[in-house]
Amino acid sequence: MAGRTDSGSSITNVAATAGVSIATVSRVLSGKRGKDDDIARRVREAAKQLGYSVNYAASALRSDVTKTIGLVIPSATEPFAAQLLDEIEPTIDTESQQLLLGIGATQEAQAERIESLANRHVDGLIVVPAAGTDLAGTLNQYANTLPIVQICGRQTAPRVSVVGIDENAAMEAIVKHLAEQGIASAAYMAGNELSFESAELFATFHTHMRTYGLATSENWNQFGERTVQRGFDCTMRLFNGPLIQPEAVVCADDAIAFGVMVALHSLGLRVPEDVLVVGYNDSPIARTTMPPLTSVRPPFKQIVSEALRLLNDGPDSPAHISLAPQLIVRESTNYQR
């Protein structure tokens, strides 16, 4: 029988002795797991102790590997998820693997997609949680045997790795740039208030505004949908009246920023001469607005590289990695006061 020696030791015995999953035993003994750490040493020692053959482990791995990676995203059109998909699909293809995609905008839908992909016996799972979802229960259900990497969001499942963006660095880069342009005040149009990332960015915005001595107002800063319409409507209320108005608008998404720019134009205000505008995600829309939009670019290539590396390490060594994004400065803020 594959995976068993003459003495009766099985891959299950090795996994139990080493205190790891069966998948990790297969990866270590077949050479598929590149990390030579304490986990790898425990597996090799357990296999030697039990007289378990590497050849049997390789055979067991071949029978289990499906050459598929599962990806669960909230939407195929949402800028972050779409750009992540554009980056990961050709990378997976280069590795002679297939990408199985699950799309769900709600917690229930994403849980169903995760269950479906796990039942398809994917070799690993990458999940981008929808705003306001808590997938800890679902992820914990599979994390002991299936390598899972969550992209962004709060780490709620201890055995699930997380690859995220350093939101503090992103917001500091934005506020520092605005301060260098000589402005004195800025508004912030945050994303959905149920989102962990939105709350984190909202808090860091206020922190760095104080650090760089810039003014803001509670009435200027609100949570809302990441849509063009939301940016347009908020800007019309904010700038179409006698109240004091900000010199810059920072947006949680390029779509919001585009709506802001359309509204400012309709009010006879110029970007960047009268108001500076900053977006987020550096989506294709940022390069096609007039003027082109300054925006934060997530490190998609690094995110995909780290996610696939963590999947390859297996489910027994979860990690939390935070990657720095890049502020791409374009004409929407390129104006000295």
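Keep in mind the model is a prediction, meaning the values are calculated, not measured.

**Q** Could you give an account of the nonpolar core, with specific residues and numbers?
**A** Residues Ile-126, Ile-151, Leu-178 and Tyr-188 are the most contacted members of the largest nonpolar core, which totals 65 residues. Take this core: its biggest share by element is seven residues, from helix α12 (residues 300-313). Those residues in contact with Tyr-188 that sit more than four places away from it in its chain are Met-171, Leu-201, Phe-202, Phe-205, Trp-220, Asn-221, Gln-222, Val-250, Cys-251 and Ala-252. Within the second largest apolar cluster, 16 residues are counted, among which are Leu-100, Leu-125, Leu-139 and Tyr-142.

**Q** So, the packing of helix α1 (residues 11-18) against helix α3 (residues 38-50): which residues are in play, and what are the values?
**A** It is the contact of α1 with α3, at a shortest axis distance of 9 Å, that shows an interaxial angle of 125°. With respect to α3, the axis of α1 lies oblique. As α1 packs across α3, the resulting crossing turns out to be right-handed. Residues Asn-13, Val-14, Thr-17 and Ala-18 of α1 lie in contact with α3, whose contacting residues are Arg-42, Val-43, Ala-46, Ala-47, Gln-49 and Leu-50. When grouped by side-chain class, the residues that make up the contact of α1 with α3 number six nonpolar, three polar and one charged.

**Q** Account for the packing of aromatic side chains, with residues named and values stated.
**A** In total, this model carries four aromatic pairs according to the counting rule given. Aromatic pair Tyr-188 and Phe-202: ring centres 6.2 Å apart, planes at 40°, arrangement tilted. Here Tyr-188 is found in strand β6 (residues 187-189), whereas its partner Phe-202 is found in helix α9 (residues 196-211), with 14 residues between them in sequence. As far as the burial class goes, Tyr-188 and Phe-202 line up, both buried. Members of the aromatic cluster, connected to one another through ring pairs, are Tyr-188, Phe-202, Phe-205 and Phe-223.

**Q** Residues and numbers for the pairing of strand β1 (residues 68-73), please.
**A** β1 sits mainly inside the fold: six of its six residues count as buried. Neither face of β1 is exposed, since Thr-68, Gly-70 and Val-72 on one face and Ile-69, Leu-71 and Ile-73 on the opposite face are all buried. Two elements, β1 and strand β2 (residues 98-103), share six bridges in a ladder whose sense is parallel. Note that in β2 the partner of Gly-70 across the bridge is Leu-100. With four bridges joining them, β1 and strand β3 (residues 124-127) adopt parallel strand pairing. Bridging from a neighbouring strand, Val-72 pairs with Val-127 of β3.

Calculation rules
Residues numbered from 1 in each chain as written. Predicted model: local features only at pLDDT ≥ 70, side-chain atom pairs only at ≥ 80, totals over all residues. Heavy atoms only, no water. Core = buried A, V, L, I, M, F, W, Y, C linked by side-chain atoms within 4.5 Å. Buried < 20%, exposed > 50% of the residue type's maximum accessible area, 1.4 Å probe, protein only. Helix = DSSP H or I, 4+ residues; strand = E, 2+ residues; numbered from the N terminus. Contact = heavy atoms within 4.5 Å. Axes fitted to C-alpha atoms, helices over the stretch in contact; angles between N-to-C directions. Parallel < 35°, antiparallel > 145°, perpendicular 65-115°, else oblique. Left-handed = near helix turned anticlockwise from the far one by under 90°. Nonpolar A, V, L, I, M, F, W, Y, C, P; charged D, E, K, R; others polar. Phe/Tyr/Trp six-rings, centres within 6.5 Å; stacked < 30°, edge-to-face > 60°. Pairing = 2+ DSSP bridges.

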